[in-house]
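Observations on chain architecture
Spelled out, the chains give:
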Amino acid sequence: MDPFGRTIDYLRISVTDRCNERCLYCMPEGYKGWSKKADHLSAAEIIKVVAASCALGFRKFRLTGGEPLLRKDIEEIAAGIWSLPGVQTLGISTNGVLLARQARGLKQAGVRSVNISLDALDAAIYRNVTGGNVQDVLAGIDAAIAADFEVVKLNCVLLRGINEDQIWPLVQFAAERKMPLRFIELMPMSKIAETDRSRFFSIDEALQILSAYDTPQPLPEYRPGHGPARYYELSHTKARVGFIGAVTTHDFCESCNKLRLTADGRIRPCLGRHGEIDLTPTLRSGGDIEAIIREAILNKPESHAFAECYEPGRPMTAIGG
Ligand code: SAM
Ligand code: SF4
């Protein structure tokens, strides 16, 4: 329990700050702030941190990045985590580009749920946002469905003037595949124009767009993957659409259940506050990492600072989304 009465039992683990895409909202063009490979936690070190967090009552884990599928040992990391007593669920967040050839292996290694970023179906819009090829991602989605994960969800970051006309096509795409789809408000996680207020498109506006096509009914109990989204079911299409309104939802942080572990071994109690605690010296000298994780829980802020002119330090790709 943290000082605000929240149960903290979810660790999001960034396994790399590297990426094979360069999304407008996540990684500034020409970004060169990569941490050294030697500073990345090894598979064994990541598993050790997860074991320590299990001892403190953590039960839910998600691998992320950067792009986690760029780690050659991603299956070893997943299998090591999944073998630990106390681990109830293990997910991965990916851009999907490499998923077509890795989905089966990830499933066999223990991954239970997969979140795939898909900001547009239109190839040109997708390329504009991410620099990548949407066909690779669509092949990755097919492979994830075929691999029969417990949950496969889609994520779309809302960007005014860039992808709002993709909202309804994405809902139809997700409904046809019976996949939950989440719309995410743009967070100021990068010092670039693309994350300024002019690009911001709220979840309320997205909900209004859906209401023009269908009737959204709230699903207050539905929480696939234990994330922060609030879901609706659309009466006609039966799509299940979640909204992550980190910026506009006033009580967003009240149900926060997570800590983050960065690829370079820092525990970050809140995405939208700068504080981080470096675990690496303790981890590498055989010290008490449980004590540090406990300290991070005790230092978890009540809420993020996005409404207080939050100035990002390192971009999302370096922290882990
Ligand atoms: N590379 C993987 C991917 O794209 O899904 C995993 C890492 S990515 C940082 C995790 C999630 O964070 C993605 O859904 C991405 O869209 C989201 N994200 C990144 N930057 C964001 C921002 N500035 N605001 C809101 N969501 C963001
Ligand atoms: Fe890479 Fe994911 Fe960030 Fe896009 S959102 S640049 S795919 S880490």
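Residues numbered from 1 in each chain as written. Chains lettered and ligands numbered in written order. Predicted model: local features only at pLDDT ≥ 70, side-chain atom pairs only at ≥ 80, totals over all residues. Heavy atoms only, no water.

Focus on the nonpolar core
To keep it simple, the criterion reads: Definition used in this section: a nonpolar core is a set of buried Ala, Val, Leu, Ile, Met, Phe, Trp, Tyr and Cys residues joined via side-chain atoms within 4.5 Å. Under the scheme applied here, a residue whose accessible area is under 20% of the maximum for its type counts as buried, over 50% as exposed, and between as partly exposed, the area being computed with a 1.4 Å probe on protein chains only. The criterion used for residue contact is that any of the two residues' heavy atoms lie within 4.5 Å.
Grouped together as the largest cluster of nonpolar side chains are 103 residues, with contacts concentrated most on I13, F61, L63, I81, L118 and F183. Setting aside chain neighbours within four positions, we find L118 in contact with Y126, V134, V137, L138, I141, L154, N155, C156, L170 and F173.

Things to note about helix 5 (residues 134–147)
Note the cut-off: Going along the chain from the N terminus, every DSSP run of H or I of four or more residues is numbered as a helix, and every run of E of two or more is numbered as a strand. One less than the number of residues in a helix, times 1.5 Å, gives the span that helix is expected to have. Counted as a polar contact is a pair of N or O atoms within 3.5 Å, where, for protein atoms, one must be capable of donating a hydrogen and the other of accepting one, and residues adjacent in sequence contribute only when both atoms are in side chains.
The end-to-end C-alpha separation of helix 5 is 20 Å, in line with the 20 Å expected for 14 residues at 1.5 Å each. Of the surrounding secondary structure, the elements contacted by the buried residues of helix 5 are helix 3 (99–109), strand 4 (113–117), helix 4 (123–130), strand 5 (151–157) and helix 6 (167–176). Taking the backbone nitrogen of Q135 as reference, a side-chain oxygen 2.9 Å away marks N133 as the first, capping residue of helix 5.

A word on the pairing of strand 2 (residues 60–64)
The side chains of a regular strand alternate between both faces of the sheet. The condition is simple: Here is how to tell: hold the view so the strands point away, follow the path from the first strand over the helix to the second, and if it runs clockwise the crossover is right-handed. Criterion used throughout: strands pair if DSSP finds at least two bridges between them.
With five of its five residues buried, strand 2 lies for the most part within the structure. Residues K60, R62 and T64 of strand 2 are buried on one face, and the alternating residues F61 and L63, pointing to the opposite face, are buried as well. Between strand 1 (residues 10–14) and its parallel partner strand 2, the chain crosses via helix 1 (residues 43–55), and the hand of that crossover is right-handed. Two strands pair when backbone bridges link them, and strand 2 and strand 3 (residues 89–94) are joined in this way by four bridges, in the parallel orientation. Bridging across to strand 3, K60 finds its partner in T89. Running through helix 2 (residues 74–82), the crossover from strand 2 to the neighbouring parallel element strand 3 is right-handed.

What to know about the site of ligand 1
The condition that has to hold: We define proximity as follows: a residue is near a molecule or strand when any one of its heavy atoms falls within 4 Å of that partner. The Shrake-Rupley method, run with a 1.4 Å probe sphere, supplies the accessible areas, and residue values consider only the shown protein chains as cover. In this count, Pro and Cys sit with the nonpolar residues alongside Ala, Val, Leu, Ile, Met, Phe, Trp and Tyr, while Asp, Glu, Lys and Arg are called charged and the others, Gly among them, polar.
In the neighbourhood of ligand 1, 19 residues make up the surrounding shell, with Y25, G66, E67, S117 and M187 lying closest. Between ligand 1 and the protein, one listed contact pairs a nitrogen atom with a backbone N or O atom of M187 at 2.9 Å. Protein burial of ligand 1: of its 540 Å² of free accessible surface, 95% is covered by the chains. Mapped by element, the contributors of at least two residues to the shell around ligand 1 are strand 3 and strand 5. Among the residues making up the shell around ligand 1, the classes are represented as eight nonpolar, nine polar and two charged.

Some remarks on the packing of aromatic side chains
Basically, it comes down to this: Centre distance within 6.5 Å is the pairing criterion for rings of Phe, Tyr and Trp, where only the six-membered ring of Trp is used; planes under 30 degrees apart are then read as stacked, over 60 as edge-to-face, and the remainder as tilted. By definition here, charges over rings are those cases where NZ of Lys or CZ of Arg is within 6 Å of the ring centre and within 35 degrees of the ring normal.
The tally for this structure, following the rule as stated, stands at four aromatic pairs. With a centroid separation of 4.4 Å and 5 degrees between ring planes, the pair formed by W168 and Y213 is classed as stacked. Taken as a pair, W168 in helix 6 and Y213 in helix 7 (residues 203–213) lie far apart in primary sequence, 45 residues in all. Between F183 and F243 the ring centres are 6.1 Å apart and the planes differ by 35 degrees, which places this aromatic pair in the tilted class. In this pair, F183 sits in strand 6 (residues 181–184) while F243 sits in strand 9 (residues 240–244), placing the two residues 60 residues apart along the sequence. Residue F183 shares its accessibility class with F243, and that shared class is buried. Against the face of F173 rests R177, its NZ or CZ located 3.7 Å from the ring centre. One residue, R240, lies across the ring of Y222, its end atom 4.4 Å from the ring centre.

A short note on unusual backbone geometry
Of note, the phi angle at D148 is positive, near 65 degrees, even though the residue is not glycine. Within the secondary structure, D148 sits in the loop between helix 5 and strand 5. In this structure, K178 takes a positive phi of about 55 degrees despite not being glycine. One can find K178 in the loop between helix 6 and strand 6. The class of K178 is exposed, set by a relative accessible area of 76%.

On their own, these measurements won't tell you what the molecule is for.
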